[in-house]
Amino acid sequence: MLVDSHAHIDVRLYDKDRDQVMDRAREAGVAAVVNVGCDLDSSGASIRLAERYADVFAALGFHPHNAAKMSDSDLERLAELAQHPKVVAIGETGLDFYRNLSPREDQIEAFKRQLELAHRLELPVIIHCRNAQEEVLSILEEWARRSKQAGQPLGVLHCFSGDIGLAQRYIEMGFLLSIAGPITYSSSHALEIALNMPLEKLVIETDCPFLTPHPHRGKRNEPSYLSFVVEKISEIRGMPSELVEEHTTENAIQLFRLPL
Ligand SMILES: [Zn+2]
């Protein structure tokens, strides 16, 4: 049994075959898919998918690319939507100083406000970080000190791309690290993380339709391809894939409080 901790199956690319995509996920052993919002529309779409499919759960948030568009009323609406019983997280939120599709100040503001929302609602956060390691770390450090709950992970660094030192700091702060398809590419930072970090701190994701693992790289990604991520982790750690599956699934269940 697997959990895809980060997917975007609401996007148009799945309009023609979404039911089949979910069927293939089930056949591949994926017991739950967390569909992650990037703005108000996709957050609403996440909830609709969660209502349609028993094995889909929703995360609500504004991606840093869309930070400049997030209004006060949008944030209030997210808070209202978060009362839905299948909402399991706030995100994805964070900073993306690589593409800078929203001005940096807007990204920081939207990030902090979503962290406050998660704190208030006692929901974990799904963090997107690209070319903003220091900024994300310092914002999360401050937030984590106030938000710590005994035994409960605070959130997850999605498609974690930092080094071992940074990984250890996040783990100490109470975060989990998520491994995605790029681990199957030849030289990925994530290889080091997947090899050296405790299995108790890792979850897995597809981030579909993006980040398609080898051997399907270049095509649309989907939750059933999560098995390639599991296989790669088991290969580099030299342990049975069942063990990787068991741990990452248990971690995701705990993080999102999934009723599995
Ligand atoms: Zn994503």
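Let us look at the structure shown here. For clarity, every value in this text was computed on a predicted model and none was experimentally measured.

Analysis parameters
Residues numbered from 1 in each chain as written. Predicted model: local features only at pLDDT ≥ 70, side-chain atom pairs only at ≥ 80, totals over all residues. Heavy atoms only, no water. Helix = DSSP H or I, 4+ residues; strand = E, 2+ residues; numbered from the N terminus. Buried < 20%, exposed > 50% of the residue type's maximum accessible area, 1.4 Å probe, protein only. Contact = heavy atoms within 4.5 Å. Pairing = 2+ DSSP bridges. Right-handed = clockwise from strand over helix to strand, strands pointing away. Axes fitted to C-alpha atoms, helices over the stretch in contact; angles between N-to-C directions. Parallel < 35°, antiparallel > 145°, perpendicular 65-115°, else oblique. Nonpolar A, V, L, I, M, F, W, Y, C, P; charged D, E, K, R; others polar. Donors = N, O, S within 2.8 Å, 3.2 Å for Na, K, Ca; no water. Tetrahedral: all angles 85-135°; square planar, octahedral: opposite > 155°, others 65-115°. Salt bridge = Lys/Arg side-chain N within 4 Å of Asp/Glu carboxyl O.

Brief notes about the environment of Arg130
Part 1: For Arg130, the location among the structural elements is in strand β5 (residues 125–130).
Part 2: When its relative accessible area of 37% is taken as the criterion, Arg130 is described as partly exposed.
Part 3: When the C-alpha positions of Arg130 and Ser187 are compared, they lie 18 Å apart, and in sequence the two are 57 residues distant.
Part 4: Ignoring sequence-local partners within four residues, the contact set of Arg130 consists of Leu95, Asp96, Phe97 and Tyr98.

Quick word on the pairing of β5
Part 1: Judged by how many residues are buried, β5 sits mostly within the fold: 5 of 6 residues are covered.
Part 2: Summarising the sheet, strand β4 (residues 87–96) and β5 pair through 5 bridges and their orientation is parallel. Its bridge partner lying in β5, Asp96 is registered against Arg130.
Part 3: In terms of handedness, the path from β4 via helix α4 (residues 104–121) over to β5 forms a crossover that is right-handed.
Part 4: The β-α-β motif built from β5, the intervening helix α5 (residues 133–147) and the parallel element strand β6 (residues 155–157) has right-handed crossover chirality.

Considerations on the packing of helix α2 (residues 40–52) against helix α3 (residues 72–81)
Part 1: Here α2 crosses α3 at 10°, and the two axes come no closer than 11 Å. By the criterion of interaxial angle, the relationship of α2 to α3 is roughly parallel. For the pair formed by α2 and α3, the contact residues are Leu40, Ser43, Gly44 and Ile47 on the first element and Asp74, Arg77, Leu78 and Leu81 on the second.
Part 2: Residue composition of the contact of α2 with α3, grouped by class: 4 nonpolar, 2 polar and 2 charged.

Observations concerning the coordination of the zinc ion
Part 1: In the first shell of the zinc ion, the protein supplies His6 (NE2), His8 (NE2), Glu92 (OE) and Asp207 (OD), at 2.1 to 2.4 Å from the metal.
Part 2: Classification of the site at the zinc ion as irregular follows from its 4 donor atoms and the range of 86 to 176° in their angles at the metal.

Concerning the pattern of salt bridges
Any two side chains of opposite charge can pair, so long as their charged atoms come close to each other.
Part 1: Scanning the model with the defined rule gives 14 salt bridges in all.
Part 2: Glu222 is paired through a salt bridge with Arg24; the nearest N and O atoms lie 2.8 Å apart. One end of the pair, Glu222, is in the loop between β8 (202–204) and α8 (226–237); the other, Arg24, is in helix α1 (residues 18–27), with 198 residues separating them in the sequence.
Part 3: Its relative accessible area of 3% is what places Glu222 among the buried residues.
Part 4: You can call Arg24 partly exposed: its relative accessible area is 34%.

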